[in-house]
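# Descriptive structure summary
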Amino acid sequence: MTTHIPHTAAKTVAITGGARGIGYQTAKELIRRGHRVAIGDVDEARAKEAAVELGVKVVTRLDVTDPDSFREFLDLVEGGLGPLDVLINNAGIMPTGHAHEEADAVTRRQVEINVLGVIFGTKLALQRMLPRRAGHIINTASLAGELAVPGLATYCGTKFAVIGFTEAARQEYRKSGVQLSTVRPTFTLNVDDLQEAVAFYSKLFGTEPAKVKPGYANFAIAEPPLKLVLLENPGKGGTINHLGVEVESSEKVHAEIARLTGEGLFTDEEIGTTCCFATQDKVWVTGPAGEKWEVYTVLADSETFGSSPQHLDDSAATEGGVCCGTAAAPTEDKQEAPAAPSCC
């Protein structure tokens, strides 16, 4: 385990699609952490309402499909808050339905917003960041960019494109000082009975789990864009085990270690660890209420659950402890094995 001593530095952050949903909540959290945040959204009325609620001073109508509108947004951001440090390309739409019944206008709109909006924003941000050799562009993707989801054919195509574009650009500019990344959130829940929980969530989300192992299952859900992991921990059912964000590479994990440290967070690193039936690189941080967050990448599948020694105390290890919560069964005197932070 490596612990970094944090320092804080306020950054200028521009968020597209910031009037509601993920964009709104991201803005709220970044403001709480002391950053300078600007939001843009095609719904100008709602964007202004959100700005009042959040205390955002730089807000405007933004059409991400129009490069001139995007350029004006970034000009406004830099004029009001200073040089752009972070662009979060969050704006997107997700119509559903059979591909052959989808109106051409709807298909075109998805491609324009979900793909061209990301590409236009990335190009414009790069033009500002490259001369300074600093900056971070974050493109909101989806697990639908990794998995084929019936009823979301066009949407899946757009999100595959976002991931492919971002990864190619990341490699292209890897020595420039500018970081590019996608994010795909993960959620992990303790359950008392895995079989019962799998049956329930299969019905709730209308999909079967992507992986099932003894005491473990995960769902890759396209909408909401979520990876749900179930860990069998009797007596802990219904509680959150931990939260996480899956990223595309080990390089990105290391970039996040540096970024999180720069944000003032203590970080615990686990490189090449095996847990949750996978070999992973990851970094842990702890939220204000003690909740555990991980940023991780999966290097390879594993046939063993594995363990995470950095996050297990001796008693948990001697009980056959696991890296995701407590051991699967209580001891003979009904006392559970000590809880341990988890790593799926």
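Cut-offs and rules
Residues numbered from 1 in each chain as written. Predicted model: local features only at pLDDT ≥ 70, side-chain atom pairs only at ≥ 80, totals over all residues. Heavy atoms only, no water. Helix = DSSP H or I, 4+ residues; strand = E, 2+ residues; numbered from the N terminus. Contact = heavy atoms within 4.5 Å. Areas by Shrake-Rupley, 256 points an atom, 1.4 Å probe, with all protein chains shown as cover. 1 Å grid on protein atoms, 1.4 Å probe; cavity = no way out; pocket = protein on both sides within 12 Å on 5 of 7 lines; lining within 4 Å. Points joined across faces, edges and corners; volume = space filled by probe spheres on them. Nonpolar A, V, L, I, M, F, W, Y, C, P; charged D, E, K, R; others polar. Phe/Tyr/Trp six-rings, centres within 6.5 Å; stacked < 30°, edge-to-face > 60°. Buried < 20%, exposed > 50% of the residue type's maximum accessible area, 1.4 Å probe, protein only. Pairing = 2+ DSSP bridges. Right-handed = clockwise from strand over helix to strand, strands pointing away. Axes fitted to C-alpha atoms, helices over the stretch in contact; angles between N-to-C directions. Parallel < 35°, antiparallel > 145°, perpendicular 65-115°, else oblique. Left-handed = near helix turned anticlockwise from the far one by under 90°. Salt bridge = Lys/Arg side-chain N within 4 Å of Asp/Glu carboxyl O.

### Focus on the overall build of the chain
Helix and strand counts for the chain come out as eight helices and 13 strands. Within the chain, contacts between residues at least 6 apart in sequence are counted, and of these 62% link residues at least 24 apart. Counting only carbon and sulfur atoms, one obtains 55% of the accessible surface of the chain, whose full area is about 15900 Å².

### Regarding the layout of surface pockets
As a volume, the second largest pocket reaches approximately 510 Å³. Taken together, 24 residues form the lining of the second largest pocket, with Gly17, Asn90, Ala91, Gly92 and Ile93 sitting closest to its centre. Listed by contribution, the elements that provide at least two residues to the lining of the second largest pocket are α1 (21-32), β2 (36-41), α4 (104-129) and α5 (153-172). Within the lining of the second largest pocket, the residues separate by chemical class into 11 nonpolar, seven polar and six charged.

### Re the packing of aromatic side chains
In the structure shown here, the tally under the stated rule is two aromatic pairs. Look at phenylalanine 70 and phenylalanine 73: their rings are 6.4 Å apart centre to centre, the planes differ by 55°, and that puts the pair in the tilted class. On the criterion of helical spacing, the pair formed by phenylalanine 70 and phenylalanine 73 is a turn pair, its members being three residues apart in helix α3 (residues 67-81). Judged on exposure class, the residue phenylalanine 70 and its partner phenylalanine 73 are both buried. Centroid distance tyrosine 216 to phenylalanine 277: 5.5 Å. Interplanar angle 55°. Geometry classified as tilted. Linking tyrosine 216 in strand β8 (residues 216-221) with phenylalanine 277 in the loop between β11 (268-275) and β12 (278-286), this pair joins segments that are 61 residues apart in sequence.

### Let's talk about the pairing of strand β3 (residues 58-61)
Sheet topology note: the β2/β3 ladder contains four bridges and is parallel. Within β3, the residue paired with aspartate 41 across the bridge is arginine 61. Handedness of the β-α-β unit built from β2, helix α2 (residues 44-54) and β3 comes out right-handed.

### A short note on the packing of α3 against α4
Here α3 crosses α4 at 40°, and the two axes come no closer than 10 Å. Relative to α4, α3 is oriented oblique. Regarding α3 and α4, the two cross each other, and that crossing is right-handed. For the pair formed by α3 and α4, the contact residues are Pro67, Phe70, Arg71, Leu74, Asp75 and Glu78 on the first element and Gly117, Phe120, Gly121, Leu124, Ala125 and Arg128 on the second. A class-by-class count of the residues in the contact of α3 with α4 yields six nonpolar, two polar and four charged.

### Looking at the pattern of salt bridges
Per the counting criterion, the structure on display carries 19 salt bridges. Arginine 36 is the salt-bridge partner of aspartate 85, the closest N and O atoms lying 3.8 Å from each other. Residue aspartate 85 is located in the loop between α3 and β4 (86-89), and its partner arginine 36 is located in strand β2; the two are separated by 49 residues in the primary sequence. Residue classification places aspartate 85 among the partly exposed positions, given a relative accessible area of 23%. What makes arginine 36 partly exposed here is its relative accessible area of 31%.

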